[in-house]
Amino acid sequence: MDKSDPFYALVRWTGRFWIWFLFRAVDVRHADRVPRGGPVLLCINHPNNLIDSLLVGAVVDRKVHYLATAALFRNPIVARFLKAVGAIPVYRRQDDPDKMDKNVGAFEACVTTLASGGLIGIYPEGTTHAETRVQRIKTGAARIALDYESRRRAGATGKPLVLIPTGLAFEARKSFGGRVRVSFGEAVALAPYVDLFAQDPVKAVDELTTAIQWSMEAEVVHVERLDSATLVREVEAIYRDRLVRELQEERGLSAGQIDTVRLSRSIADAAAYFEAHAPERIAELRDSIGHYRAMLAAYRVRDQAVRERIEPPRVRQRLNRGWKAAVGLPIFGYGLVTSGLPYLVPRWIARRTATKETNYATTRLLASVIAVPLFWGVETWIVWRLAGALWALGFFLSLPVSSILAYHYLRGLGRLRAQARLGVVALTRHQAATRLLAERRRLIDLLERAKNDYLTATKGSSF
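Because the structure is predicted, anything quoted here is derived from the model rather than measured.

J.: How should the packing of helix 2 (residues 50–59) against helix 13 (residues 357–387) be read in this particular structure?
T.: The relative placement of two packed helices comes down to the angle between their axes together with the axis-to-axis distance. As a packed pair, helix 2 and helix 13 sit with axes 8 Å apart at the nearest point and diverge in direction by 70°. One finds that helix 2 runs roughly perpendicular with respect to helix 13. Between helix 2 and helix 13, the contacting residues are Leu50, Ile51 and Leu54 on the first element and Ala361, Thr362, Leu365 and Leu366 on the second. Residue classes in the contact of helix 2 with helix 13 are distributed as 6 nonpolar, 1 polar and no charged.

J.: I'm lost on empty space enclosed by the protein in this one. Help?
T.: For the coordinates displayed, the defined rule picks out 1 cavity of 30 Å³ or more. Considering only enclosed or pocket space, the largest cavity measures out at about 40 Å³ in volume. Lining the largest cavity are Ile238, Arg242, Arg245, Arg307, Glu311, Arg440 and Ile444. Of all the elements in the fold, those that place two or more residues in the lining of the largest cavity are helix 8 (226–251) and helix 15 (430–458). Considering every element that reaches the lining of the largest cavity, the biggest residue donor is helix 8, with 3 residues.

J.: For this particular structure, what's the right way to read the pairing of strand 7 (residues 179–184)?
T.: Along strand 7, 5 of the 6 residues are buried, which leaves the element largely enclosed by surrounding structure. With 5 bridges connecting them, strand 1 (residues 25–29) and strand 7 associate as parallel partners. Its bridge partner lying in strand 7, valine 28 is registered against valine 182. Two strands pair when backbone bridges link them, and strand 6 (residues 162–170) and strand 7 are joined in this way by 5 bridges, in the antiparallel orientation. By the bridge assignment for strand 7, phenylalanine 170 is matched with valine 180.

The rules we used
- Residues numbered from 1 in each chain as written.
- Predicted model: local features only at pLDDT ≥ 70, side-chain atom pairs only at ≥ 80, totals over all residues.
- Heavy atoms only, no water.
- Axes fitted to C-alpha atoms, helices over the stretch in contact; angles between N-to-C directions.
- Helix = DSSP H or I, 4+ residues; strand = E, 2+ residues; numbered from the N terminus.
- Parallel < 35°, antiparallel > 145°, perpendicular 65-115°, else oblique.
- Contact = heavy atoms within 4.5 Å.
- Nonpolar A, V, L, I, M, F, W, Y, C, P; charged D, E, K, R; others polar.
- 1 Å grid on protein atoms, 1.4 Å probe; cavity = no way out; pocket = protein on both sides within 12 Å on 5 of 7 lines; lining within 4 Å.
- Points joined across faces, edges and corners; volume = space filled by probe spheres on them.
- Buried < 20%, exposed > 50% of the residue type's maximum accessible area, 1.4 Å probe, protein only.
- Pairing = 2+ DSSP bridges.

Below you can see the structure in the form of structure tokens.
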């Protein structure tokens, strides 16, 4: 971390707090692949707008100079902030085609930053998106890398550039409290493309861009077809917990040791295999999932409740939940009173104002950054006026912990409510509940047979 930049250090610390506060866990893979010094270019996929930059900045122990669309610099206050944290403006054709010539200065700024040993974060896709794949990337990252390396070979100062593909994956893009994965891939070898660049610059840029594309795809769950991506998400929602439990029992792994993105990639690979070799099985699976989802919607029941009715939690787990429910009730009440509005107001604002799925979490985060300190500050002031400074300090320190505990308790209440709803359906419409359970069992049987056939056919693959 650059100790000489206290403002960036403050921004990074603030970002890390909000990441810790809003997400249940951040799983960082291979952070050691990012050199602690020297020029580095991180090529990052872009699934969640501003949240992506906060995440990478939080887990990389160096100052990250992001390439940001020049549209963000139109507001003078935002522009001053972005420049203060080292952001470099890039002009996109769709934003302002008349200013594309200014990108020459942006590329020069990138080369200068790298020559001074800086680290640049770039989103080669060019825009944020909600698709379960890496979109076709632009050539900017390759051009920056080749331009820098060709100048360095020609005698310019600077160390060799390290280009690291970086993958971001969100368990739930639009809601907080989920898991996030940040994966740093192996460095892309630049030497062959630099040699080619001296002879044929266009071909070198195209080939390096393709290599970066493949490397980025390897760090996320990349599914080419949108209908296949939908199927993979549905299978994950219904079947992934069972796969995780099997891995825990067969290999003795804890939940934190299981790479869920790798598991999702295995599901995607299996779907692609059957799409190519047995499309009728994919069609049957789609029909079964569609029928099961329609039944859930018709009876307003959640899959989690049906799953737990078929496979009840172990006695120890039920006792643990019961103990936490009893002890946590007063904490939930306290957290609900003190943090209910800071939680609900940003969510309401995001639902009303976010125009795209990829903007929802960013809108909610920015609203939370204002709402949480505002409400907590007013509440702390009231306690201070009523009970004095010492009580106010204790009250303020209790707010972050109690709000997180209350949020997890609320999730547990949602699970309990779903189970109660299924119980009502079982009492009032017994045959419907029986059909729901039977349909899920049939679906799991289809998935189990598909998994076993896929493992037998591919042998070297694994879940």
